[in-house]
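Summary of structural features
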Amino acid sequence: MDALFAREKDEFLSCIETVKELESSDFETYSIVKHTETGEHYLRYFLSHINLSEGGRRDDYDHFLPLDSDDVLALMFGEQPYHFPDNWRSPYLRSGNDNRLIPFDPSENYDLEKEAAAELAMVERLELYKQQWMNAENLSAEEKEELTRQYFAELDKILKKAEE
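Some remarks on the overall build of the protein chain
Helix and strand content of the protein chain: four helices and seven strands. Shown N-terminal to C-terminal, the secondary structure of the protein chain runs as helices and strands in the order β-α-β-β-β-β-α-β-β-α-α. On C-alpha atoms alone, the protein chain measures out to a radius of gyration of 24 Å, which is more than a quarter above the 15 Å that the 2.2 N^0.38 rule sets for 164 residues. Counting only C-alpha atoms, the protein chain reaches 75 × 40 × 30 Å along its principal axes. Of the contacts formed within the protein chain by residues at least 6 apart in sequence, a portion of 44% connects residues at least 24 apart.

If you want it as structure tokens, here you go:
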């Protein structure tokens, strides 16, 4: 399989033929496609987004995940999950608002469970701090300062736990 490289979207699409449509809705389509010139297979994820902030303009996005022959067979027989982004763990081509397909490597976003848990814990702690602060109208300046120190100490604990 060739290395992924940037290319013109229209040119690439002109060489693509659909082997099998896996799933389709008004806004998303998953299909196995084949590049007729290279013989390479891809899992295509097509997304149509209605941009309401731009007057309802419809933006279409394509994603092409390279497949080896085992993946093609597994997908065709329904033995392999394929939904984006959960099952897109290797580099793929994706489009933007122009006529290009750009390689994208999602691996930098793997294994962020600890960071996500830390973010949630920090938000929860912030909400608690805000409640305590709102109810602190009868506290002295020193007590409010201690409340703030405790808050930042809790944030430090959360961050240290996430780094372990």
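Things to note about the nonpolar core
Ranked by size, the top nonpolar core spans 13 residues in total, and within it Leu22, Ile32, Leu43, Leu67, Leu75, Tyr82 and Trp88 carry the most contacts. Counting only elements with at least two residues in this core, the list comes to strand 3 (28-35), strand 4 (41-51), strand 5 (57-67) and helix 2 (69-76). The next biggest cluster of nonpolar side chains, apart from the first, holds seven residues, and it includes Phe12, Ile16, Val33 and Tyr42.

A short note on the packing of aromatic side chains
Inspection of every chain in the model, using the stated rule, returns 14 aromatic pairs. When the ring of tyrosine 42 is compared with that of phenylalanine 64, the centres are 6.1 Å apart and the planes differ by 85°; the resulting orientation is edge-to-face. Within this pair, whereas tyrosine 42 is found in strand 4, its partner phenylalanine 64 is found in strand 5, the two being separated by 22 residues in sequence. With 5.1 Å between their ring centres and 65° between their planes, tyrosine 151 and phenylalanine 152 make a pair best called edge-to-face. The ring of phenylalanine 104 has arginine 94 sitting right over it, with the charged end atom 3.9 Å from the ring centre. Between the NZ or CZ atom of lysine 144 and the centre of the ring of tryptophan 133, over which it lies, the distance is 5.3 Å.

Points about the domain arrangement of the protein chain
How big an interface is tends to be stated in terms of the accessible area lost upon association of its parts. According to the domain assignment, the protein chain contains domain 1 (7-109) and domain 2 (112-163). Distance from the C-alpha centre of domain 1 to the C-alpha centre of domain 2: 42 Å.

Some words on a negative patch on the surface
A cluster of like negative charges, contributed by Glu8, Asp10, Glu11 and Glu37, occupies part of the molecular surface. Position of glutamate 8 relative to the elements: it lies in strand 1 (residues 7-8). Judged by relative accessible area, glutamate 8 falls into the partly exposed class, the value being 40%.

Observations regarding helix 2
Looking at helix 2, one finds that the buried residues are Val72, Ala74 and Leu75. When helix 2 is viewed along its axis, its buried side chains cluster within an angular range of 170° and face the same direction. Residues of helix 2 that are exposed and point over 90 degrees away from its buried face: Ser69 and Asp70. Looking at the buried residues of helix 2, the elements they touch are strand 2 (16-24), strand 3, strand 4 and strand 5. Measuring from the side-chain oxygen of the N-cap residue of helix 2 to the backbone nitrogen of aspartate 70 gives 3.2 Å; that N-cap residue is aspartate 68. At the exit of helix 2 stands glycine 78, carrying a positive phi of roughly 70°.

What counts and how
Residues numbered from 1 in each chain as written. Predicted model: local features only at pLDDT ≥ 70, side-chain atom pairs only at ≥ 80, totals over all residues. Heavy atoms only, no water. Helix = DSSP H or I, 4+ residues; strand = E, 2+ residues; numbered from the N terminus. Rg over C-alpha atoms; globule rule 2.2 N^0.38 Å. Contact = heavy atoms within 4.5 Å. Core = buried A, V, L, I, M, F, W, Y, C linked by side-chain atoms within 4.5 Å. Buried < 20%, exposed > 50% of the residue type's maximum accessible area, 1.4 Å probe, protein only. Phe/Tyr/Trp six-rings, centres within 6.5 Å; stacked < 30°, edge-to-face > 60°. Lys NZ or Arg CZ within 6 Å of the ring centre and 35° of its normal. Domains from an automatic or database assignment. Patch = residues over 30% accessible without salt bridge, like charges linked within 9 Å, V, L, I, M, F, W, Y side chains within 5 Å. Areas by Shrake-Rupley, 256 points an atom, 1.4 Å probe, with all protein chains shown as cover. Salt bridge = Lys/Arg side-chain N within 4 Å of Asp/Glu carboxyl O. Lys, Arg positive; Asp, Glu negative; His and termini not counted. Charge placed at Lys NZ, Arg CZ, Asp CG, Glu CD. Arc of directions from axis to C-beta. Polar contact = N/O pair within 3.5 Å; in protein donor to acceptor, adjacent residues only side chain to side chain.

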